[in-house]
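Survey of secondary and tertiary structure
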Amino acid sequence: MVKLTELATGAEGQIVDITSENLVRERLLELGVAPGRGLRVVHRLPLSGPMVVQAGSTFIALREFEAETIWVELV
Amino acid sequence: MNIENVALVGTPNSGKTTLFNWLTGRKQKVVNYPGSTVDISMGPLLENLTLPEQKIQILDTPGTYSLFAKSQDEEVTVQALFDEQYQIRKVVVVLDSTQIARQVHLVRQLQEAGFAVVVAVTMHDLHRRENSEVNLQHLSAQLGTPVCPIDGVLGGGVKDLVSAIEKLGPLPKPPQMPPKWALTHLQEIFKEGVRIAESVAKKKLTVFNQTEKLDRVLLHPGWGPLIFVFVMLFLFSSIYWAAAPAMDFVDASFAQLAETTKFYLGSGLLSQFVTDGVISGLGAVLVFVPQIFILFVGISFLEDSGYLARAATLIDKPLSKIGLNGKAFVPLLSGFACAVPAMMAARSINSTKEKWLAMFIIPFMTCSARLPVYALLIGFLFVDNSFYAGLSLAALYLGAVIVGAVASALLNKIVKVKTPSFFLLELPIYRRPQARVVLRNSVKRTKAYIVKTAPIILVLSMALWVLSTFPNYSEGDKAVRLQSSYISKVGSGLEPVFTPMGVDWRVGVGLITAFAAREVFVSSLAVMFNVTDEDEDSLREGLLSQMRNATFADGTPIFTVASVVSLLIFFMLALQCISTVATARQEMRSTRFAMVQLVSMNLIAYVLAVLAHSIMS
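Everything in this summary refers to the structure shown in the same document. If you're wondering where the values come from, they're calculated on a predicted model, not measured in any experiment. (Residues numbered from 1 in each chain as written. Chains lettered and ligands numbered in written order. Predicted model: local features only at pLDDT ≥ 70, side-chain atom pairs only at ≥ 80, totals over all residues. Heavy atoms only, no water.)

**Focus on the packing of helix α10 (residues 244-265) of chain B against helix α11 (residues 269-286) of chain B**
Residues and elements named next belong to chain B. Selection rule: To obtain an axis, a line is fitted to C-alpha atoms, over the contacting stretch when the element is a helix, and the angle between two such axes runs from 0 to 180 degrees between their N-to-C directions. Helix and strand definitions here come from DSSP, where helices need a minimum of 4 consecutive H or I residues and strands a minimum of 2 consecutive E residues; each element is numbered from the N-terminal end. For classification purposes, an angle smaller than 35 degrees is called roughly parallel, one larger than 145 roughly antiparallel, one from 65 to 115 roughly perpendicular, and anything else oblique. The criterion used for residue contact is that any of the two residues' heavy atoms lie within 4.5 Å.
Viewed as axis vectors pointing N to C, α10 and α11 meet at an angle of 175 degrees, and their least axial separation amounts to 10 Å. By the angle between their directions, the pair α10 and α11 is classed as roughly antiparallel. From α10, V250, F254, L257, A258, T261, K262 and L265 reach across to α11, where they touch L270, S271, V274, T275, I279, G283 and L286.

**Section: the interface of chain A and chain B**
For clarity, the threshold we go by: A 1.4 Å probe defines the accessible area here, and the buried area is the portion of it lost by two parts on being joined, summed over both. Counted as salt bridges are all cases of a side-chain nitrogen of Lys or Arg within 4 Å of a carboxyl oxygen of Asp or Glu.
Opposite the 35 residues of chain A that make contact, chain B presents 41 residues. In total, about 3,400 Å² of surface goes out of reach between chain A and chain B, with carbon and sulfur atoms giving 64% of it. Of all residues in chain A, the largest losses of buried area upon contact with chain B belong to A:R27, A:F59 and A:R63, amounting jointly to 22% of the total for that side. Seen at the junction of chain A and chain B, the total is six salt bridges. One salt bridge connects A:E26 with B:K70, and the closest N-O pair in it is separated by 2.9 Å.

**Notes on the nonpolar core**
Inclusion rule: For this analysis, a nonpolar core means a set of buried residues of the types Ala, Val, Leu, Ile, Met, Phe, Trp, Tyr and Cys, connected via side-chain atoms within 4.5 Å. With a 1.4 Å probe rolled over the protein chains alone, any residue whose accessible area is under 20% of its type maximum counts as buried; one over 50% counts as exposed, and the rest are partly exposed.
In this structure, B:F236, B:L324, B:F329, B:F521, B:F559 and B:L567 are the most contacted members of the largest nonpolar core, which totals 126 residues. Non-local contacts of B:L324, meaning those with residues more than four positions away in its chain, are made with A:R63, B:L319, B:L332, B:E354, B:L357, B:A358, B:I361 and B:S408. Ranked by size, the runner-up nonpolar core spans 43 residues in total, among them B:V9, B:V119, B:A197 and B:V200.

**Remarks on the sheet that holds strand β5 (residues 116-122) of chain B**
Residues and elements named next belong to chain B. Put simply, the rule reads: Paired strands are those between which DSSP finds at least two bridges.
Strand order in the open sheet made by the six strands is β2-β3-β1-β4-β5-β6, with mixed pairing throughout. Of all strands in the sheet, those with a lone pairing partner are β2 (41-44) and β6 (147-149), marking the two edges. Between one strand axis and the next, the sheet turns by 25 degrees as a mean value, whatever way the strands run. As paired strands, strand β1 (residues 4-10) and strand β4 (residues 90-96) are joined by five bridges and run parallel to one another.

**Details of the environment of B:A448**
Residue and element names in this part refer to chain B. Within the secondary structure, A448 is located in helix α19 (residues 435-469). On the accessibility criterion, A448 (46% relative accessible area) is partly exposed. Considering only alpha carbons, one finds A448 and I40, 408 residues apart in sequence, at a separation of 19 Å.

Spelled out as structure tokens, the structure:
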């Protein structure tokens, strides 16, 4: 199990757990990011800027701070 | 007869406003950016869609991911839904058919609240284009609601939707806000959503691959930021070079109009009123409408394509350094058109502190009202050198951004409060902007701009003409007439305030009238310096040559490099706009915020303008 931030661009993982505060967990869920679901790292921006992931058919940009709370199992 | 309010609710960017326009025949601006609707719009249902005895009014709401709001625009929706003044019983959930899984919980929350729900399925064309069908019957059975497909491009399916709305039975009791869902419950419903989505639409769409491919370039670690800078440079420089021919045309037309008026009305008082008070006042500002139009075209184009969400993502890291968030990018960018809609767009910023900071610096962004002033003053500094003129315009735009950034960074340090901040932004798929839509939106915005400012300019120009002509109206020498006029008495009293900036009372009066709207400064100068006396075939040339000849009582010129630079700095930083102050007060629900902003910005502007003048002269 690794943090989402440790995934390389193009890597896919299955979400195991999300440990951020409830507000962010809720919003992630509402965007389709939830434990049990697959996730793919699509783009990463330089200087530890936001990364873009695809969950289902949604592209989501999120900060490293949030991405660090998403724990995934590599597929 | 009772009017029934029906609300359109859905996740951001799901197509609510497009559907609203089809249902009501309105032409609300539709934008490919999540969070582009921040307020409720209302409109009666088109008559040909319903029976004469039915009175239905449609409410378009800001997008929300759930009934448990996480930002102010989402709160607007939730409050409206349960606001007894609207008496909403029926809700149309606008469901993006490419994103079914994560929208089911919104349907469930509205059902739990007790609304009668119809689901309108949008983005259907994306499925059809790839020969993939959404099993709507199955979707309807799973959700337990009627389901109507809507063709956003052609408006198909709207009639069926209306009859589905009409068929919904009365409710046993008014809807009520459901108790907050536990995270585990949300998770369960989300799983249900995934199940439903997988069973109704089996084929994976390739439209996402195209978007991903484009983003490989536009969000590329190296190319992405470079393209972003290039896009912004192109947008703001086009204001200058793309608008020039149209500006010359407008300018010449007004000069011609003044000539013709003089020819028919002679040189009497009435003729002077029409040419000096009305035509030159209005013409001085309307000359810049082509520039404003070009700016709107550029922004509309970006909005429709879906690029704005990428731009917000690219700029998130730099903005976080000054206490802001990528979500502040779109409000700040719209601040280059006008601070009023920009401040309203700041509702979509989740964190209170970030919203506060964004609201504070939005007026620093160079709004379209400053453009006429800049163009005139830069035109004075660089007569025939359009390269330097363009460069100094760029410097003013950039300078204002830098001041805004410094202000935000400082305020971020001073205000110790920390509010939870997150950046989670959905990136919509790219869509090719339609020229027709871009032009229509830009024409609409430009018209709104003219309608908003033209009456103010007209009234103030006429009033200023009267005040600068009377009581000594029969005096032939216009300089003597102005010296003995009413406005001179008021203006001379205030002159000590403006002397440190290097200008006389006439320019001071221009600065004061600019508080009604910044561009009034230009028309005020045009009226007080009697532009149409010059026999130029361009009003602008006439004003510039009058400025060159204008002197203080002792014969020293008023408009020098030092005083013009001082004026430019003042306009760059000052908050001279009553509408902005009113909007700030309303959006922050704080008179104090609006006053602190008004006083501090103008004080800084004045001090720096005086400083610039004393250094340069």
